[in-house]
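These are the residues of each chain, in order.
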Amino acid sequence: MLFHVKMTVNLPVDMHPERAASLKAEEKALAQRLQQEGKWRHLWRIAGHYANYSVFDVDSVQDLHDLLMQLPLFPYMAIEVNALCRHPSSIHADDR
Ligand SMILES: O=C(O)C[C@H]1C=CC(=O)O1
């Protein structure tokens, strides 16, 4: 199942810079692992924002929820989820 996810990061202004750097490093490591595993299919920065558009390929809504909740930056993100299905005019056979 494919999901389009928007994540907007809002770190507290008073968060210690070392804590912020540590969370970002943990997030990056997990994000890259999930990309290598094929679960995090796309990761795009939204220009001008500390936010991203992502596409996840997971087995269920529960899997998506569990994945998002384990992200180190999860407590500091506003997350919007949209489920995707195949468009009848798409020429890409790997859409699903
Ligand atoms: O930077 C972000 O958009 C937040 C988050 C998503 C992946 C990652 O490494 O950090």
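What you see is a predicted model; the values in this text were computed from it and never measured.

Caption draft 1: The pairing of strand β1 (residues 2–9), seen in detail. By the bridge criterion, seven bridges tie β1 to strand β3 (residues 51–57) in an arrangement that is antiparallel. The partner of K6 across the bridge, within β3, is Y53. Two strands pair when backbone bridges link them, and β1 and strand β4 (residues 77–84) are joined in this way by eight bridges, in the antiparallel orientation. Within β4, the position partnered with H4 by the bridge is N82.

Caption draft 2: How the structure looks around the UniProt feature "domain: Muconolactone isomerase" (unreviewed entry) in the protein chain. According to UniProt, the feature "domain: Muconolactone isomerase" (unreviewed entry) maps to residues 1–89 in the numbering used here. When the span residues 1–89 is considered, its composition is 33% helix and 33% strand, and the gap between its end C-alpha atoms is 19 Å.

Caption draft 3: Looking closely at helix α2 (residues 61–69). Burial in α2 covers these residues: L64, L67 and L68. Down the axis of α2, the sector holding all buried residues measures 95°, keeping them to one side. At its buried positions, α2 is contacted by β1, α1 (17–36), β3 and β4.

Caption draft 4: Examining the pairing of β3 more closely. Where burial is concerned, most of β3 is hidden: six out of the seven residues are buried. For strand β2 (residues 40–45) and β3, the ladder comprises five bridges, and the chain directions are antiparallel. Looking at the pairing, W44 lines up with Y53 of β3. Remark: five residues form the turn of the hairpin made by β2 and β3, two consecutive strands paired antiparallel; G48 in that turn has positive phi of roughly 85°.

Caption draft 5: Quick peek at the packing of aromatic side chains. Taken as a whole and assessed by the stated rule, the structure comprises one aromatic pair. Aromatic pair W40 and F56: ring centres 4.7 Å apart, planes at 40°, arrangement tilted. With W40 in strand β2 and F56 in strand β3, the pair connects residues that are 16 residues apart, well separated along the chain. The exposure classification of W40 matches that of F56, with both residues buried.

Caption draft 6: Structural detail: the site of the ligand. Neighbouring the ligand are the residues V9, E27, K28, W40, L43, R45, Y50 and N52. One of the side-chain nitrogen or oxygen atoms of R45 is found 2.7 Å away from an oxygen atom of the ligand. The contact in question runs from an oxygen atom of the ligand to an N or O atom on the side chain of N52, over 2.8 Å. Protein chains bury 88% of the 280 Å² of accessible surface belonging to the ligand in isolation. Here the ligand occupies the largest pocket. Looking at the shell around the ligand, the elements with two or more residues in it are α1 and β2. If one sorts the elements of the shell around the ligand by residue count, β2 sits on top with three residues.

Definitions and limits used
Residues numbered from 1 in each chain as written. Predicted model: local features only at pLDDT ≥ 70, side-chain atom pairs only at ≥ 80, totals over all residues. Heavy atoms only, no water. Pairing = 2+ DSSP bridges. Helix = DSSP H or I, 4+ residues; strand = E, 2+ residues; numbered from the N terminus. UniProt positions renumbered as here; feature names shortened; annotations may be inferred. Buried < 20%, exposed > 50% of the residue type's maximum accessible area, 1.4 Å probe, protein only. Arc of directions from axis to C-beta. Contact = heavy atoms within 4.5 Å. Phe/Tyr/Trp six-rings, centres within 6.5 Å; stacked < 30°, edge-to-face > 60°. Near = heavy atom within 4 Å. Polar contact = N/O pair within 3.5 Å; in protein donor to acceptor, adjacent residues only side chain to side chain. Areas by Shrake-Rupley, 256 points an atom, 1.4 Å probe, with all protein chains shown as cover. 1 Å grid on protein atoms, 1.4 Å probe; cavity = no way out; pocket = protein on both sides within 12 Å on 5 of 7 lines; lining within 4 Å. Sits in = over half its atoms within 2 Å of the grid points.

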